[in-house]
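Examining the three-dimensional arrangement
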Amino acid sequence: MVQAEQCTLVHGKIAKIPRHPVFRFIKAKKYSKNNYPMTHTQFFINADDGNTYKIVVDNLFYDYITSSQISSNEDDGIVSDFNKRFKVGDDVNACGKSFEKNGKVGLHFVHPSACGATKFNGFLRINGSGITNNTTYCGECACKLKHK
């Protein structure tokens, strides 16, 4: 089993990205062991610590994913669903692996993970609701952080 590592907890508000959608889809390049395309939705938050974080969400853990979205490796409505549900200014709690790229900061692994698959195990909550608690692809040993 993989030893868990410390994740970073960030609180903030969804930020507006000038001339770009708040959420952006990246086409799948790899597939999970269940043949789900490893796609991501990205958005930015202005955090309480004064930083702007890129939040990278693995779509297979998106709580509202549909079976048609699961079978596609294109943006089959995931981004539009995010944009219908969430707006600039919404409250975000994100827990995951922090990263820095080109002087910018972000969080990844903001989802429950299979116990032996990754060292990081986090969550994403928007307006108090869990967004990445989908356990369909986690297996029976999914390790979830407890959060309020």
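The model shown is predicted, which means the values in this text are computed figures rather than measured ones. Throughout this description, residue numbers start from 1 for each chain and increase along the sequence as written. pLDDT decides what is reported in this predicted model: residues at 70 or higher carry local features, side-chain atom pairs at 80 or more are listed and counted, and totals for whole chains, interfaces and linings draw on all residues regardless. Side-chain calculation: all heavy atoms of the structure are included, whereas hydrogens and water are not.

**Observations concerning the packing of aromatic side chains**
- Any two rings among Phe, Tyr and Trp, with Trp reduced to its six-membered ring, count as a pair given centres within 6.5 Å; such a pair is stacked if its planes are under 30 degrees apart, edge-to-face if over 60, and tilted if neither. On inspection of all chains with the given rule, the structure shows 3 aromatic pairs.
- Ring centres of Tyr62 and Tyr64 lie 5.5 Å apart, and the angle between their planes is 70 degrees; this geometry places the pair in the edge-to-face category.
- Overall, Tyr62 belongs to the buried group, its relative accessible area being 0%.
- Relative to Phe82, the ring of Tyr62 lies with its centre 4.3 Å away and its plane at 20 degrees, an arrangement referred to as stacked. Highlighted residues: Tyr62 in the loop between strand S4 (52-58) and helix H1 (67-70) and Phe82 in helix H2 (residues 78-85), separated in sequence by 20 residues.
- Among the aromatic residues, ring-to-ring pairing joins Tyr62, Tyr64, Phe82 and Phe86 into one connected group.
- A cation sits over an aromatic face here: Arg85 above Tyr64, 3.6 Å from the ring centre. The rule is simple: take the accessible area with a 1.4 Å probe, protein chains only, and divide by the maximum for that residue type; under 20% is buried, over 50% is exposed, in between is partly exposed. Only runs of H or I of at least four residues qualify as helices and only runs of E of at least two qualify as strands under DSSP, and these elements are numbered from the N terminus. By the criterion adopted, a ring carries a charge over it if an Arg CZ or a Lys NZ lies within 6 Å of its centre and within 35 degrees of its normal.

**What about the pairing of strand S8 (residues 123-126)?**
- Residues Phe123 and Arg125 line one face of S8 and the alternating positions Leu124 and Ile126 line the opposite face, and both faces are buried.
- Pairing between two strands is assigned when DSSP locates at least 2 bridges connecting them. In this sheet, S8 lies alongside strand S5 (residues 91-101) in antiparallel orientation, the contact comprising 4 bridges. By the bridge assignment for S8, Ala94 is matched with Leu124.
- Bridge count for S8 against strand S9 (residues 129-130) is 2 bridges, and the pairing is antiparallel.

**So, the side chain of Asp90**
- Relative to the elements of secondary structure, Asp90 occurs in the loop between H2 and S5.
- The charge count treats Lys and Arg as positive and Asp and Glu as negative. His and the chain ends do not count. For salt bridges, the criterion is a side-chain nitrogen of Lys or Arg within 4 Å of an Asp or Glu carboxyl oxygen. Despite being buried, Asp90 has no salt bridge partner; Lys87 is the closest side chain of opposite charge, sitting 7.4 Å away.
- Of note is the side chain of Asp90, whose polar atom sits 3.2 Å from the side chain of Asn127.
- Only heavy atoms enter the contact rule, under which two residues are in contact if any of them lie within 4.5 Å. Excluding anything up to four places from it in sequence, Asp90 contacts Gly12, Lys13, Ile14, Arg85, Ile126 and Asn127. Polar contact is the term for a pair of N or O atoms within 3.5 Å; when the atoms are in protein, one must be able to donate a hydrogen and the other to accept it, and sequence-neighboring residues count only if both atoms are side-chain atoms.

**What about the layout of surface pockets?**
- Estimated volume of the second largest pocket: approximately 270 Å³.
- Cavities and pockets are found on a 1 Å grid laid over the protein atoms alone: a cavity is a set of points where a 1.4 Å probe fits but cannot escape, a pocket is an open set with protein on both sides within 12 Å along at least five of seven lines, and a lining residue has an atom within 4 Å of such a point. What lines the second largest pocket is simply Phe44, Thr52, Tyr53, Lys54, Phe99, Lys101, Asn102, Lys104 and Val105.
- Among the secondary structure elements, those contributing two or more residues to the lining of the second largest pocket are S4, S5 and strand S6 (104-108). Grid points are joined across faces, edges and corners, and a volume is the space filled by probe spheres set on the points.

**Remarks on the pairing of strand S3 (residues 40-47)**
- Burial runs high along S3: 6 of the 8 residues are buried.
- Two strands pair when backbone bridges link them, and strand S1 (residues 8-14) and S3 are joined in this way by 3 bridges, in the antiparallel orientation. Paired with Gly12 across the strands is Ala47, a residue of S3.
- When S3 meets S4, the two strands line up antiparallel, connected through 7 bridges. Within the sheet, the bridge partner assigned to Phe44 lies in S4 and is Lys54.
- Adjacent in sequence and paired antiparallel, S3 and S4 are bridged by 4 residues, among which Gly50 carries a positive phi angle near 90 degrees.

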